[in-house]
Amino acid sequence: MKVLGITGWSGSGKTTLLSGLIPALVKRGHRVSTIKHAHHAFDVDTPGKDSYEHRKAGATEVLVSSAKRWALMHEHRGAPEPGLEDLIAQMSPVDLLIVEGFKRDSHEKIEVFRRAVGKSLLAREDPRIVGIASDGPVPEVDRPLLDLNDIEAIADFVVAHCGLAQAPRKEG
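Bear in mind that the values here come from a model prediction, so they are computed numbers and not experimental data.

Calculation criteria
Residues numbered from 1 in each chain as written. Predicted model: local features only at pLDDT ≥ 70, side-chain atom pairs only at ≥ 80, totals over all residues. Heavy atoms only, no water. Helix = DSSP H or I, 4+ residues; strand = E, 2+ residues; numbered from the N terminus. Buried < 20%, exposed > 50% of the residue type's maximum accessible area, 1.4 Å probe, protein only. Contact = heavy atoms within 4.5 Å. Areas by Shrake-Rupley, 256 points an atom, 1.4 Å probe, with all protein chains shown as cover. Lys, Arg positive; Asp, Glu negative; His and termini not counted. Charge placed at Lys NZ, Arg CZ, Asp CG, Glu CD. Core = buried A, V, L, I, M, F, W, Y, C linked by side-chain atoms within 4.5 Å. Patch = residues over 30% accessible without salt bridge, like charges linked within 9 Å, V, L, I, M, F, W, Y side chains within 5 Å. Salt bridge = Lys/Arg side-chain N within 4 Å of Asp/Glu carboxyl O. Pairing = 2+ DSSP bridges. Axes fitted to C-alpha atoms, helices over the stretch in contact; angles between N-to-C directions.

Engineer: When you look at the overall build of the protein in this model, what are you seeing that I'm missing?
Structural biologist: Per the secondary structure count, the protein includes 4 helices and 8 strands. Each helix and strand of the protein, placed in order from N terminus to C terminus, yields the pattern β-α-β-α-β-β-α-β-β-β-β-α. In terms of overall dimensions, the protein has C-alpha extents of about 55 × 40 × 25 Å along its principal axes. With 172 residues in all, the protein has 34% of them scored as buried. Taking the intrachain contacts of the protein between residues at least 6 apart in sequence as the baseline, contacts between residues at least 24 apart amount to 55%. When the accessible surface of the protein is totalled, it reaches about 10500 Å², and 51% of it is carbon and sulfur. Here the protein holds 23 positive side-chain charges and 24 negative ones, and the gap between their average locations is 3 Å.

Engineer: Even after reading the chapter, I still don't get the nonpolar core, so can you show me in this structure?
Structural biologist: Generally speaking, nonpolar side chains in soluble globular proteins are found buried as a group. Within the largest apolar cluster, 23 residues are counted, with the highest numbers of intra-cluster contacts made by Leu21, Leu25, Ile110 and Val158. Broken down by secondary-structure element, the contributors of at least two residues to this core are strand E1 (2–7), helix H1 (14–27), strand E5 (96–100), strand E6 (109–113), strand E7 (129–134) and helix H4 (151–162). At 6 residues, the largest contribution of residues to this core is made by H4. Aside from chain neighbours lying at most four places away, what touches Val158 is Leu4, Leu21, Leu25, Leu96 and Ile110.

Engineer: Can you help me understand a nonpolar patch on the surface in this one?
Structural biologist: On the surface, Leu63, Trp70 and Leu72 cluster together into a nonpolar patch covering about 340 Å² of accessible area. Position of Leu72 among the secondary structure elements: in strand E4 (residues 70–74).

Engineer: Can you help me understand the pattern of salt bridges in this one?
Structural biologist: A side chain with one charge may pair with a side chain of the opposite charge, provided their charged atoms come close. Applying the stated criterion across every chain, the model contains 9 salt bridges. A salt bridge links Glu100 to Lys36, with the shortest nitrogen-to-oxygen separation between them at 3.8 Å. In this pair, Glu100 sits in strand E5 while Lys36 sits in strand E2 (residues 32–36), placing the two residues 64 residues apart along the sequence. Residue class for Glu100 comes out buried when judged on its relative accessible area of 7%. Residues participating in the shared-partner salt-bridge network are Arg28, Glu152 and Asp156.

Engineer: Whenever I open this one, the sheet that holds E2 confuses me. Can you help?
Structural biologist: Taken together, 6 strands build an open sheet; the order of strands is E2-E5-E1-E6-E7-E8 and the sheet is parallel. Taken across any chain shown, the strands that pair with only one partner, and hence form the sheet edges, are E2 and strand E8 (145–147). Pairwise comparison of adjacent strand axes, ignoring direction, gives a mean angle of 25° for this sheet. The pairing of E7 with E8 spans 3 bridges and is classified as parallel. Counted as the bridge partner of Ile132 is Leu145 from E8.

See below:
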C-alpha cells in the first residue's frame, strides 16, 4: 500500500484539494483511503445514541454496523495518542492511503501552499515534501510545482510518483 501525505498550514486548502483529488484517482481505477489528523477533541457519535452511551459507560471500542457501512470508535482511555504507523496498521489495504495532517511525520508529502495564508513554506525545512501544490509562483524551491487548480495534473503526479499501475479509467 502506497502512503502519501497532503500537508500544509490551516486554511491552505488541503481538504478542498482532497475533495477533488480522491474522485480523480478513483476514476482512474485506484482504491483510495484517507487518514485525517484532528488537532482538537472531536466526536463522530451523537449523545443519546446507543453507541455513544456504550462509550460513555466505559467501553474501549464500539463498532457500529449497518448494511451500508461500519465504523469503529476507539477511546484512548488515558493511553497516549497512537503514532501514524500504528494508525496505518489499522487500515485495510488499498492502492493509495492519503494522510492529511501529520506534517512532522516521516512519510512523503505534497504541500498545499497559498501565499495569502501568510505562513512559511514547509518544504524549505522538510525534504520529505515531494511536490508543492500552489495557487501561484513559489520562488526558490527545488521540488515540482503543481497548479493547485489543476486536479487532473496533480492526480497524474500522484500516480507517477507513487508508481501506481495505470488502471482503466472508470466512467462517470
